[in-house]
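Below are the chains, spelled out letter by letter.
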Amino acid sequence: MTKSTGITWAAASARRLERQFLARRARTGTPVADVAAAMLGVHAQVLSAAELSVGLRADGVTRTDVRDALWPTAPLAPPAPAPALVKTHGPRGTVHLLPARDLPMWCAALPAIPVGSAAFPTDVRLTGEQAGQVVAAIADALDGTFLTVDELGEEVVARTGPWAGDLVMPAFQTMWPRWRQVLHRAGQCGALSFGPNRGRRVTYTRPPRFTPLPPEEASRLLVRRYLYAYGPATPQHFARWLAAPPGWAKARYAELAAAGEIEEVRFEGAPAWVAAGDTAFPDAPERDELLRGVRLLPYFDAYVVAAQPRELLFPGAAYRRALAGGQAGNFPVLLVDGVAAGVWHQRRRGRRTTVTVEPLARLTARQERELADCVERVGAVLEAAAELVIGEVTVGAHA
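The rules behind these values
- Residues numbered from 1 in each chain as written.
- Predicted model: local features only at pLDDT ≥ 70, side-chain atom pairs only at ≥ 80, totals over all residues.
- Heavy atoms only, no water.
- Pairing = 2+ DSSP bridges.
- Helix = DSSP H or I, 4+ residues; strand = E, 2+ residues; numbered from the N terminus.
- Contact = heavy atoms within 4.5 Å.
- Axes fitted to C-alpha atoms, helices over the stretch in contact; angles between N-to-C directions.
- Core = buried A, V, L, I, M, F, W, Y, C linked by side-chain atoms within 4.5 Å.
- Buried < 20%, exposed > 50% of the residue type's maximum accessible area, 1.4 Å probe, protein only.
- Expected span 1.5 Å × (residues − 1).

What to know about the sheet that holds strand S3 (residues 42–43)
Here 3 strands make up an open sheet; going across it, the order is S3-S5-S4 and the pairing antiparallel. Two strands close off the open sheet at either side, each with one partner strand: S3 and strand S4 (85–89). In this structure, S4 lies alongside strand S5 (residues 95–99), joined through 5 bridges in antiparallel fashion. What sits directly across from Val86, in S5, is Leu98. Each of S3, S4 and S5 is contacted by helix H2 (residues 32–39), which is oriented at about 120 degrees to S5, the strand it contacts most.

Below, the structure written as structure tokens:
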């Protein structure tokens, strides 16, 4: 490692891959919450993809380990064990797996992000007071139990009033009750998290109790954590990752820079920022060793969403094939030597899964052997026998 203020894409990528457990997997026995913390949250709209994101970064981890961290089996006698991971609404308002120990930061920083204009007309949306009542009702109703969305709705209406249950929100050729417009806000505030499915039905519960950090402190901590994981990065990169207003992100960077908590560097010839003092980056041959190899990343993996500039992570044909209108995550990605070099898809049938990989350039014999090992690992994480097929991926984005 050398200290540098003139940082190349290759050096930044090598450090990011190492800190993400993608250059070297976490050792056997590493808590899954530690892996999720290093990623700064695991996108979990599709739970199997989240299980892969964690499992591909840690030796010996399977989907069962991830689910046990989310919903630990209750002992014969109380107290029930606290979860290490919480499935809730995280960055960008999307469903993530977050370490329970990090909720004081997330549940103070996320509600502090300014929101845009209201998505609903005046006669549909909740007032600020009503929204607060609904979030409080959700927290109270979910304390110590698991409820489906319909059961939760009944409890919310009973605790607030019939106005919360008015069917005023158009959704999927039906109408949803008014209270559901703050479901993601309840998650981001720590009032709600996801429980295990009840058959095909989603359930919700209340996460472990915690005291949120002061919002300003939480926001500044989140910037520093982001820069440690994905720096060097600009305020625009941070805003894009968080779906936050660019002006708000720029103001957070300015505050931290003035306080000496972050510092400016040159990244590919342009200004960017890292956490103060965190300016050591690998040089050759360590850099090349960290980059070298074949990796499979699932839908919306944190690395492909957060690592910027995106055009360098997805060079040439990869930008057209592996992104959807410039948006990362809609395709599982094949990484070769640190850059996107193809897409893949897995189709499970019972205890078997077929992994189809479409490289954008011919793989060497060594890379094909590494790819076969990656596919075997995918099967191990998903607790299935995996078969590799190298060929065209015919499904569309986010299929």
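Additional details are given in the paragraphs that follow.
Some details on the environment of Val274
By the secondary structure assignment, Val274 is in strand S12 (residues 270–275). Between the alpha carbons of Val274 and Arg224 there is a distance of 7.9 Å; along the sequence they are 50 residues apart.

Topic: the sheet that holds strand S15 (residues 333–336)
Reading across from one edge, S14-S15-S16-S17-S18 is the order of the 5 strands in this open sheet, with mixed pairing throughout. Every interior strand has two partners, whereas the edge strands, strand S14 (294–297) and strand S18 (385–390), have only one. Neighbouring strand axes in the sheet, compared pairwise and without regard to direction, differ in orientation by 30 degrees on average. When strand S17 (residues 352–359) meets S18, the two strands line up parallel, connected through 6 bridges. The residue of S18 that forms the bridge with Arg352 is Ala385. Running over the sheet, helix H16 (residues 365–382) touches S14, S15, strand S16 (339–349), S17 and S18 and is turned about 35 degrees from S14.

Here's the deal with the environment of Leu110
Within the secondary structure, Leu110 is located in the loop between helix H5 (103–109) and helix H6 (128–142). When the C-alpha positions of Leu110 and Val157 are compared, they lie 26 Å apart, and in sequence the two are 47 residues distant. Every residue in contact with Leu110, bar those within four places of it in the chain, is listed here: His89, Gly90, Pro91, Gln188 and Leu242.

Structural notes on the nonpolar core
Leu152, Phe238, Trp241 and Phe314 are the most contacted members of the largest nonpolar core, which has 109 residues in total. Looking at this core, the element that brings in the most residues is H6, giving 8 residues. Aside from chain neighbours lying at most four places away, what touches Phe314 is Val304, Tyr319, Ala322, Leu323, Ala328, Val333 and Ala340. By size, the runner-up hydrophobic cluster in this structure holds 17 residues, among which are Leu296, Leu371, Val381 and Leu382.

Points about helix H1 (residues 9–19)
Most of H1 is tucked away: 9 of the 11 residues are buried. Among all positions in H1, only Trp9, Ala11, Ala12, Ser13, Ala14, Arg15, Arg16, Leu17 and Arg19 are buried.

Here's the deal with H16
For H16, which comprises 18 residues, the first-to-last C-alpha distance of 26 Å matches the rise-based estimate of 26 Å (1.5 Å per residue) to within 8%. What H16 keeps buried is the set Gln367, Leu371, Cys374, Val375, Arg377, Val378, Gly379, Val381 and Leu382.

Considering the pairing of S16
One ladder, built from 4 bridges, connects S15 with S16; its direction is antiparallel. Residue pairing in the sheet places Leu334 in a bridge with Gly342 of S16. Between S15 and S16, which pair antiparallel in sequence order, lie 2 residues; one of them, Asp337, sits at a positive phi of approximately 55 degrees. Relative to S17, S16 runs antiparallel, the two being bridged by 8 bridges. Looking at S17, one finds that Arg349 is bridged to Arg352.

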